[in-house]
Amino acid sequence: METASTAAPESGNPESTGAITVISPSALATQDLSDIKCTSDNEGSWSFQATVNNPGNTQRRFTIAIAVVANSVAQGHTMITVDVPAKGSEPVAAKDFAISADPGAICEPVMSVED
């Protein structure tokens with residue numbers, strides 16, 4: 001499996017780098033998701049990992065929806081829900097959640113939070 005080693009684009013837009021899509025946290029509705037890596041292996045199997053950060057003073061529940069899209073069609077998706085303690089962070093991961101060998105495929109995470 002390849003790993004993301006390029007820096008996130010400063011424009012806040014996803015940047016496709018071959019089989020790797022790098023997502024800038026500024027492209028998301030929240031700044032609470034960091035260290036985002038969404039990668040595909042040579043067979044087109046996609047995996048996701050990131051860190052969810054809770055800057056608040058109470059525990060919060062975060063839900064991350066991740067989809068791989070090619071030509072406006074979802075190739076696969078998953079959802080991760082994690083409880084993060086106040087002022088804490090938690091790693092999240094989803095292995096082999098989508099299949100797409102399309103070179104134009106992109107990984108799109110969206111996160112929501114319950115207070």
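Residues numbered from 1 in each chain as written. Predicted model: local features only at pLDDT ≥ 70, side-chain atom pairs only at ≥ 80, totals over all residues. Heavy atoms only, no water.

1. Section: the overall build of the protein
Phase 1: Along its length, the protein carries zero helices and eight strands.
Phase 2: Helices (α) and strands (β) of the protein occur, in sequence order from the N terminus, as β-β-β-β-β-β-β-β.
Phase 3: The burial tally for the protein puts 44% of its 115 residues in the buried class.
Phase 4: Within the protein, contacts between residues at least 6 apart in sequence are counted, and of these 54% link residues at least 24 apart.
Phase 5: Counting every atom, the protein has about 6,100 Å² of accessible surface; 48% of that belongs to carbon and sulfur. (Helix = DSSP H or I, 4+ residues; strand = E, 2+ residues; numbered from the N terminus. Buried < 20%, exposed > 50% of the residue type's maximum accessible area, 1.4 Å probe, protein only. Contact = heavy atoms within 4.5 Å. Areas by Shrake-Rupley, 256 points an atom, 1.4 Å probe, with all protein chains shown as cover.)

2. Structural notes on the pattern of salt bridges
For side chains of opposite charge, pairing can occur when their charged atoms come near one another.
Phase 1: Taken as a whole and assessed by the stated rule, the structure comprises two salt bridges.
Phase 2: Linking aspartate 83 and arginine 61 is a salt bridge whose minimum nitrogen-to-oxygen distance equals 2.7 Å. Of this pair, aspartate 83 sits in strand 6 (residues 73–84) while arginine 61 is found in strand 5 (residues 60–70), placing the two residues 22 residues apart along the sequence.
Phase 3: Lysine 95 is the salt-bridge partner of aspartate 96, the closest N and O atoms lying 3.9 Å from each other.
Phase 4: We classify lysine 95 as exposed; its relative accessible area is 62%. (Salt bridge = Lys/Arg side-chain N within 4 Å of Asp/Glu carboxyl O.)

3. Side note on the pairing of strand 6
Phase 1: Examined bridge by bridge, strand 5 and strand 6 share eleven bridges and lie antiparallel to one another. Looking at strand 6, one finds that valine 68 is bridged to glycine 76.
Phase 2: Turn length for the strand 5-strand 6 hairpin, with the two strands adjacent in sequence and antiparallel, is two residues, and the turn residue asparagine 71 shows positive phi of about 55°. (Pairing = 2+ DSSP bridges.)

4. Description of the nonpolar core
For soluble globular proteins, the rule of thumb is that nonpolar side chains tend to be buried together.
Phase 1: Membership of the largest hydrophobic core comes to 22 residues, with the highest contact counts inside it found for Trp46, Phe48, Val52, Ile64, Val92 and Phe97.
Phase 2: Only strand 3 (33–40), strand 4 (45–53), strand 5, strand 6, strand 7 (89–99) and strand 8 (106–114) provide two or more residues apiece to this core.
Phase 3: The dominant element in this core, judged by the number of residues it contributes, is strand 5, at five residues.
Phase 4: With residues near it in sequence (within four places) discarded, isoleucine 64 still touches Leu33, Phe48, Val52, Thr78, Met79, Ile80, Val82, Val92, Pro109, Val110 and Met111. (Core = buried A, V, L, I, M, F, W, Y, C linked by side-chain atoms within 4.5 Å.)

Interpretation note: all reported values are geometric properties and have no functional meaning in isolation.
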